[in-house]
Amino acid sequence: NLHPCQCAAAQIEKGKIPDHVRRVLDSYKALGCVSRELINLLRPQVGCDLFYTPVGVDDEFFLPVQNMPLTVLCPVEEKNIGSRGHGYSVKKWELLHEIMRQSSVEFKFLPRRLNIDEMAGWYRGGNVCLCLSHSEGGPLGPIEAGAGGAIPLSTPVGTMTELIQPGVNGELFNTVDEVVGILA
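These figures come from a predicted structure and were not determined experimentally.

### Regarding the overall build of the protein
For the protein, the count of helices and strands is eight helices and seven strands. Scored against the burial criterion, the 184 residues of the protein give a buried share of 40%. Contacts spanning at least 24 positions in sequence make up 54% of the contacts within the protein whose residues lie at least 6 apart. Surface summary for the protein: the accessible area is close to 10300 Å², and the carbon and sulfur share equals 54%.

### Observations regarding the pattern of salt bridges
Scanning the model with the defined rule gives two salt bridges in all. Here Arg22 ties to Asp19 by a salt bridge, and the two come within 3.5 Å at their closest N and O atoms. Here Asp19 and Arg22 lie together in helix α2 (residues 19-26), a separation of three residues that amounts to about one turn. The partly exposed category is assigned to Asp19, whose relative accessible area is 45%. Residue Glu98 is joined to Arg101 by a salt bridge in which the shortest nitrogen-to-oxygen separation is 2.5 Å. Separated by three residues within a single helix, Glu98 and Arg101 lie in helix α4 (residues 93-102), roughly one turn from each other. Under the relative-accessibility criterion, Glu98 is labelled partly exposed at 24%.

### Some remarks on the nonpolar core
In this structure, Val72, Cys74, Leu96, Ile99, Phe107, Leu130 and Leu183 are the most contacted members of the largest nonpolar core, which totals 19 residues. Secondary-structure elements contributing two or more residues to this core are β3 (71-77), α4, β4 (106-110), β5 (128-131) and α8 (176-183). One finds Ile17, Ile39, Leu42 and Leu50 within the second-largest nonpolar core, a separate group that totals 10 residues.

Cut-offs used in this document
- Residues numbered from 1 in each chain as written.
- Predicted model: local features only at pLDDT ≥ 70, side-chain atom pairs only at ≥ 80, totals over all residues.
- Heavy atoms only, no water.
- Helix = DSSP H or I, 4+ residues; strand = E, 2+ residues; numbered from the N terminus.
- Buried < 20%, exposed > 50% of the residue type's maximum accessible area, 1.4 Å probe, protein only.
- Contact = heavy atoms within 4.5 Å.
- Areas by Shrake-Rupley, 256 points an atom, 1.4 Å probe, with all protein chains shown as cover.
- Salt bridge = Lys/Arg side-chain N within 4 Å of Asp/Glu carboxyl O.
- Core = buried A, V, L, I, M, F, W, Y, C linked by side-chain atoms within 4.5 Å.

As structure tokens, this is what we get:
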């Protein structure tokens, strides 16, 4: 069973906004979108004004933690590996298992659901954050990790293609070999 938002997102990606979604969007005079790609998909189909309002990310936040052995943060509870993520994001778990098998670095998972203060400390406990999503609106994990000093490594999903400048403030990847090469 697909989450209703996942169905709507899939239809929007195919160029058609479901009627119930269009009615909601058209009820506004203007909408802020975190992605230019989303604006390009929506603009021809909605009657309201669309404005690009990116997540407040400063490239200065994306700096590696100094003098720490390479530790890869995976912002998910280890017990949830293999299941669907929070909301309707779906993770590429097969990539994670293969990356862990081929890489000699330490991987750190969330011990449990953490509050906001605990999350900041957890993100400071590593220097790379791995995002393995098939689809996302954000995702927030790499952004939060960057604010904590970890470099985001992400699939090209959501706003990551707009926020990550490969080689500058993070890396985008599609394959296990790309991640293992980045971590080497």
